[in-house]
Amino acid sequence: MSDNKKNQVQPPKTNNNQINIEFSEEIAEGVYANLAMIAHSSSEFVIDFIRLMPGVSKAKVKSRIVITPEHAKRLLIALKDNVNKYESTFGEIKQTEETPKFPMNFGGTIGEA
């Protein structure tokens, strides 16, 4: 595929309306993040997607998304629905009760070169 070619996603139809959403190959590849921080005001929610690397005390925000409170609630409902579907297919997602420690240690020894 060329860099100029766009990928298209068609969300479910609502009220007989159809929206064609286009995104570039770069966006289609996605960006890995292993932490999200959320802040809000009376008019918007700000979600920062962050990548933490082992042994590094500095983390980078990879993407910031700003949405309205109404869309934040829709996102919450969609995430709940998708987590339920995931768990019904693959089993319960296990999580620990402890909060992450910074910088995060990814469970192994730190290598040296």
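Residues numbered from 1 in each chain as written. Predicted model: local features only at pLDDT ≥ 70, side-chain atom pairs only at ≥ 80, totals over all residues. Heavy atoms only, no water.

(A) Just the confidence of the model for the protein chain, in detail. Per-residue pLDDT for the protein chain has a mean of 83; in total, 72% of the residues score no lower than 70. No element of the protein chain has a lower mean pLDDT than strand β1 (residues 6–9), at 58, and none a higher one than helix α2 (residues 69–90), at 98. (pLDDT = per-residue confidence, 0-100. Helix = DSSP H or I, 4+ residues; strand = E, 2+ residues; numbered from the N terminus.)

(B) Summary view of the sheet that holds strand β5 (residues 60–67). An order of β3-β4-β5 is seen for the 3 strands of this open sheet, with the pairing classed as antiparallel. Because the sheet does not close on itself, it has two edges, and the strands there are β3 (35–40) and β5. Going across the sheet, the axis of each strand differs from the next one's by a mean of 20 degrees, ignoring polarity. Here 7 bridges tie strand β4 (residues 45–51) to β5, and the two strands are oriented antiparallel to one another. By the bridge assignment for β5, Ile50 is matched with Val61. Sheet strands touched by α2: β4 and β5. Its angle to β5, the strand with the most contacts, is close to 115 degrees. (Pairing = 2+ DSSP bridges. Axes fitted to C-alpha atoms, helices over the stretch in contact; angles between N-to-C directions. Contact = heavy atoms within 4.5 Å.)

(C) Spotlight on a nonpolar patch on the surface. Taken together, the side chains of Val83, Tyr86, Phe90 and Ile93 present a nonpolar region at the surface, about 390 Å² in accessible area. Tracing the backbone shows Tyr86 in helix α2. (Patch = residues over 30% accessible without salt bridge, like charges linked within 9 Å, V, L, I, M, F, W, Y side chains within 5 Å. Areas by Shrake-Rupley, 256 points an atom, 1.4 Å probe, with all protein chains shown as cover. Salt bridge = Lys/Arg side-chain N within 4 Å of Asp/Glu carboxyl O.)

(D) Focus on α2. Across its 22 residues, α2 extends 31 Å between first and last C-alpha, which sits within 8% of the 32 Å expected from 1.5 Å per residue. Gly91, located one to two residues past α2, shows a positive phi value of around 100 degrees. (Expected span 1.5 Å × (residues − 1).)

(E) Geometry of the environment of Lys60. Considering the arrangement of structural elements, one finds Lys60 in strand β5. For Lys60, a relative accessible area of 57% translates into the label exposed. On a C-alpha basis, the gap between Lys60 and Asp48 in space is 9.7 Å, while along the polypeptide they are 12 residues apart. If we skip the residues at most four places from it in the chain, Lys60 touches Phe49, Ile50 and Arg51. (Buried < 20%, exposed > 50% of the residue type's maximum accessible area, 1.4 Å probe, protein only.)

(F) A look at the pairing of β4. Of the strand pairs in this sheet, β3 and β4 are connected by 6 bridges, and their pairing is antiparallel. Within β4, the position partnered with Ala39 by the bridge is Val46.

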